[in-house]
Amino acid sequence: MIKKIPYSYLSLKSLVSFADQVIGIVEKSHAEELMLAGMVQAIRESREKAIQAINSTLKEDLTEQVIQLDAQRDDSFVSLRNHIDAGLLRHRHPEYQEACKRLSVIFLKNGRMLNKLGYQEQSAALSSLFMDLSDALAMEDLKNIHALEWLEELKKDQEEFLTVYTQRGEEKAGKDIPRDEDAFKELKTAMDNLFILLNAFQISKQVSGLDATIDTINESIDRTLASMR
């Protein structure tokens, strides 16, 4: 009989590796058994979905770049906002202070904490901020507090973020990539179906050489579990 497998100890990657071993074991000795071949094919198909899920998890489709670029635009926004806030206290330079007051109103209108928003909401808020800061008076105020270059850096950060964010969305569009847990469940079910059939064939003595096959699979189970400790 096939040993009971504590699947909770296995990762999706280790389950795929175990499935590969089982496929090899069964096909080596029972390639001509049509019922077993059908079960093995079901495992192959579930395995392919599991591989897709694993690759998606590992690559994350540009997600790491999106996270990094989002953090950079956050830093630029917060730095510019804090520069303006500091200017509000510059009482010995009233023109500078007044410029910061006007700019502070614009930042307040568009969200002083917009860097805490989700990706799309933050992008929309920054677009609105850039529009308001393009006003002639706002541009003059930014020039007077030496912040024009800072604004351009923020705009550049936003452009780079949007480029990668859009690219990631395009790559994911249309892809039917299963979640890890769904892929695990499907592959587990396919494996269990094969094991149920193997146990039934062993009891009924329908397939020759099955005892050796089951012993080999049990050894593979032991090795797989040992590698997870």
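Scroll up to find the structure this text is about.
Fair warning: this is a prediction, and the values are worked out from it, not measured in the lab.

Draft legend 1. Seen up close, the packing of helix H1 (residues 12–30) against helix H8 (residues 180–204). Running from amino to carboxyl end, H1 crosses H8 at an angle of 25 degrees, the nearest separation of the two axes being 10 Å. Considering their axes alone, H1 and H8 lie roughly parallel with respect to each other. Of the two possible hands of crossing, H1 and H8 adopt the one that is left-handed. Contact residues: H1 offers Leu12, Leu15, Val16, Phe18, Ala19, Val22 and Val26, while H8 offers Asp180, Ala183, Phe184, Leu187, Lys188, Met191, Leu194 and Phe195. When its residues are assigned to classes, the contact of H1 with H8 shows 13 nonpolar, no polar and two charged.

Draft legend 2. Layout of the side chain of serine 14. Note on placement: serine 14 falls in helix H1. Beyond its immediate sequence surroundings of up to four residues, serine 14 is in contact with Thr224 and Met228.

Draft legend 3. Layout of the packing of aromatic side chains. Taken as a whole and assessed by the stated rule, the structure comprises five aromatic pairs. For the pair tyrosine 119 and tyrosine 165, a centre-to-centre distance of 5.7 Å together with 75 degrees between the ring planes defines the contact as edge-to-face. A residue pair is termed long-range when its members are at least 10 positions apart, and tyrosine 119 in helix H5 (residues 119–133) and tyrosine 165 in helix H7 (residues 148–172) qualify at 46 residues. On the basis of relative accessible area, tyrosine 119 is assigned to the partly exposed category, the value being 24%. With 5.4 Å between their ring centres and 15 degrees between their planes, phenylalanine 161 and tyrosine 165 make a pair best called stacked. Residue phenylalanine 161 and its partner tyrosine 165 are located together in helix H7, separated by four residues, close to a single helical turn. One aromatic cluster is present, built from ring pairs that chain together Tyr119, Phe161 and Tyr165. Seen from the ring of tyrosine 96, arginine 90 lies directly overhead, with NZ or CZ sitting 4.4 Å from the centre.

Conventions adopted
Numbers given to residues run from 1 along each chain, matching the order in which its sequence is written. Local features in this predicted model are restricted to residues of pLDDT 70 or higher, and side-chain atom pairs are both shown and tallied only at a pLDDT of 80 or more, whereas totals for entire chains, interfaces and linings draw on every residue. The basis for every side-chain value is the complete set of heavy atoms in the structure, and neither hydrogens nor water enter the calculation. Here an axis means a line fitted to C-alpha atoms, over the contact stretch when the element is a helix, while the angle between two N-to-C directions is reported on a 0 to 180 degree scale. The numbering of helices and of strands both runs from the N terminus, where a helix is a DSSP run of H or I of at least 4 residues and a strand a run of E of at least 2. Roughly parallel covers angles under 35 degrees, roughly antiparallel covers those over 145, roughly perpendicular covers 65 to 115, and oblique covers all other angles. Crossing handedness is read from the near helix: turned anticlockwise from the far helix by less than a right angle, it gives a left-handed crossing, and turned clockwise, a right-handed one. The contact criterion used is simple: two residues touch if any of their non-hydrogen atoms lie within 4.5 Å. Note on residue categories: nonpolar means Ala, Val, Leu, Ile, Met, Phe, Trp, Tyr, Cys or Pro, charged means Asp, Glu, Lys or Arg, and polar means any other residue, Gly included. Centre distance within 6.5 Å is the pairing criterion for rings of Phe, Tyr and Trp, where only the six-membered ring of Trp is used; planes under 30 degrees apart are then read as stacked, over 60 as edge-to-face, and the remainder as tilted. Only protein chains enter the area calculation, which uses a 1.4 Å probe; residues under 20% of their type maximum are buried, those over 50% are exposed, and those in between are partly exposed. Our definition puts a charge over a ring when NZ of Lys or CZ of Arg is within 6 Å of the ring centre and also within 35 degrees of the ring normal.

Everything listed here is a matter of coordinates, which is why it stays silent on function.
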